[in-house]
Amino acid sequence: MKKRITSVIALLVMIASLLMAIIVTASGTTTTATFWALVPPIIAIALALITKEVYSSLFLGIVVGGIFACDGSATVAIDHIVSDGLISAVSGTAGIFLFLVTLGILVALINKAGGSAAFGRWAQTHIKTRVGAQLATFALGILIFIDDYFNCLTVGSAMLPVADNYKISRAKLSYLIDATAAPICMIAPISSWAAAVARYTEGTGLDGIRLFIKAIPYNFYSLLTFVFVIVLIISKRDFGPMARHERNALEKNDLFSTDERVDGMEVASNPKGRVPDLLLPVLGLIAISVFALIYNGGFFGDDPAYAGRFADAFSNTDATVGLPWGSVVALIVIILYLMCRKLITFKEAMECIPQGFMAMVPAITILTMATALKNISNDLLGSASYVEGIMKGVAPGLTSLLPAVIFIVACLLAFATGTSWGTFGILIPIVCNMFDPSNPIFYIGMSACLAGAVCGDHCSPISDTTIMSSAGARCVHVNHVSTQLPYAITVAVISFLCFLAAGFIQNAAVCLILGTLLIIGFFAFLRLKSRPTKGTE
């Protein structure tokens, strides 16, 4: 009965959304650079949360956006949906798709060779508690800081058997992965995210990497997320929908808590595999990827601005080129290594290629549709211009409050568009023009922009990092979104209070201590109301 009611509500939302789009377009209402530019992603997000089905939700948002931008022409609407939306999404993110497929193949190879199984056996003998398994997942996520996609898939592959052994729900595992993917990249100078931030500061006259580093102490959302995760794991006090998922995992051995399941392809692994057969490929991929990124950035070139200058070359790189470049080279090296170890044959290595591709198809499909929605909302409907107008309208006379305002705006923009990097591109030039770089509050405002982008990215069901976290943990995507949302919002509220304080006291250490105390106080309050999640101590 509940499913039928949900289906009826979803159908009514779809019909109402399409009728609204047609009526708005027919009436001649301006949809460009107005609130209407944010309506398509809002519809997609709302419908995804109602139906717990992301494909149709994203497609409806794309269709509504195409209608808004068509000026009353059906053929133009179709052209926007197909050409400007879907085809542009595929061509614009081809490098990311190649990287994802290559990572999927690498995961299949490592599994086939027995590396992941060996790590699981090692973990089962060395990790003695459920808390330890979660802390190990968190620590591994911290160590893989080069890129959030790589982080999600590698941590998921390595820790999935350990998490299953200790009856950690897939929703909890996906949260632990997501909580260390984007946040660690956001405070690591050697990461694809640092490179992206540096690229978006071009034309401002500022050194992008130096700006990124100075903003790290005030990136409250990323830093406090780490504090939140540690306290959450140690206290064993899950709340919101996550508590139900964890109870079901512990008491019923149900890792999903829903009828829908996400099971990867079961691959017979080689019992001769050892832990180094997981670690060496991962370390090799990191090393080759770093080399590829600085190579792409001109480290070995003739331009004196980048040649032999690691930080400058890294800030000049294009991660959508460097990461696929590095992953393909690493794939060849890893295949040769595993064959020399006689863990796989050439035929078995080739069989892993379609297996890895098939494992990434759901994530690639969602990423394609989410990118199409972003293209229509940002490029055709001008959501960036609308947000810029809002930001400039609230600036006068609110200098001390601006970091908190910027944080909220960045959160909402990243949530609605599903892209941290897109939010950087929109807000970083605006923030650079709002403050004097010699004023300490400039770096606080920049940190608020970056922190808000990560926060909104965490909360959004159409975010690529959220999608990859679900894929890495083999979790139903909407389950991951719904269980993570209360945790992300809790840290966001505390971060907002820290940015309010930072605007006046301008001391990162004091604000971080304040945020940490608020997190501890929050869990102390939960302790008074509930008991901890039972399980292996």
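Check the entry above for the structure.
This write-up is about the structure you can find in this document. (Residues numbered from 1 in each chain as written. Predicted model: local features only at pLDDT ≥ 70, side-chain atom pairs only at ≥ 80, totals over all residues. Heavy atoms only, no water.)

## Quick look at the side chain of Arg130
Along the polypeptide, Arg130 turns up in helix H7 (residues 130-143). Look at Arg130 and you get buried, because its relative accessible area is 5%. Within the structure, Arg130 has its side chain in polar contact with the backbone oxygen of Tyr166 (distance 3.1 Å). Among the polar contacts made by the side chain of Arg130, one reaches the main-chain carbonyl oxygen of Lys167 at a distance of 2.9 Å. (Helix = DSSP H or I, 4+ residues; strand = E, 2+ residues; numbered from the N terminus. Buried < 20%, exposed > 50% of the residue type's maximum accessible area, 1.4 Å probe, protein only. Polar contact = N/O pair within 3.5 Å; in protein donor to acceptor, adjacent residues only side chain to side chain.)

## Quick look at the packing of aromatic side chains
One pass over the structure, following the stated rule, counts 20 aromatic pairs. With a centroid separation of 4.7 Å and an interplanar angle of 50°, the aromatic rings of Phe239 and Tyr487 are classed as tilted. Pair noted here: Phe239 is in the loop between helix H12 (220-235) and helix H13 (241-252) and Tyr487 is in helix H23 (residues 477-505), with a separation of 248 residues, a long-range link. A residue is classified by how much of its surface remains accessible, and Phe239, at 15% relative accessible area, is buried. Grouping aromatic residues by their ring pairs yields a cluster made of Tyr175, Phe228, Phe239, Tyr487, Phe522 and Phe523. (Phe/Tyr/Trp six-rings, centres within 6.5 Å; stacked < 30°, edge-to-face > 60°.)

## Some points on unusual backbone geometry
Phi is positive for Arg474, close to 55°, though the residue is something other than glycine. Secondary-structure assignment places Arg474 in the loop between helix H22 (464-473) and H23. For Gln506, which is not glycine, the phi dihedral falls at a positive 50°. Position of Gln506 among the secondary structure elements: in the loop between H23 and helix H24 (508-529).

## A word on empty space enclosed by the protein
A probe as big as a water molecule, rolled over the atoms, marks out the empty space that is left. Here the structure, examined in full by the defined rule, presents three cavities of 30 Å³ or more. Here the largest cavity defines a volume of roughly 110 Å³. At the level of secondary structure, the elements contributing two or more residues to the lining of the largest cavity comprise helix H5 (94-113), helix H8 (148-165) and helix H14 (276-296). (1 Å grid on protein atoms, 1.4 Å probe; cavity = no way out; pocket = protein on both sides within 12 Å on 5 of 7 lines; lining within 4 Å. Points joined across faces, edges and corners; volume = space filled by probe spheres on them.)

## Considerations on the nonpolar core
Counting residues in hydrophobic clusters, the biggest one holds 134 residues, and the most contacted among them are Leu109, Tyr175, Tyr221, Phe228, Phe407 and Phe424. Among the elements that make up this core, the one with the highest residue count is helix H21 (residues 441-459) (13 residues). Counting 28 residues, the second largest nonpolar core, distinct from the first, contains Leu58, Leu60, Ala370 and Ile467. (Core = buried A, V, L, I, M, F, W, Y, C linked by side-chain atoms within 4.5 Å.)

## Things to note about the pattern of salt bridges
For the structure on display, the rule yields five salt bridges. Arg170 is the partner of Asp164 in a salt bridge, and the nearest nitrogen-oxygen pair spans 3.0 Å. A salt bridge links Arg341 to Asp277, with the shortest nitrogen-to-oxygen separation between them at 2.7 Å. With a gap of 64 residues between them, Arg341 in the loop between helix H16 (319-340) and helix H17 (346-380) and Asp277 in helix H14 connect regions that are remote in the sequence. (Salt bridge = Lys/Arg side-chain N within 4 Å of Asp/Glu carboxyl O.)

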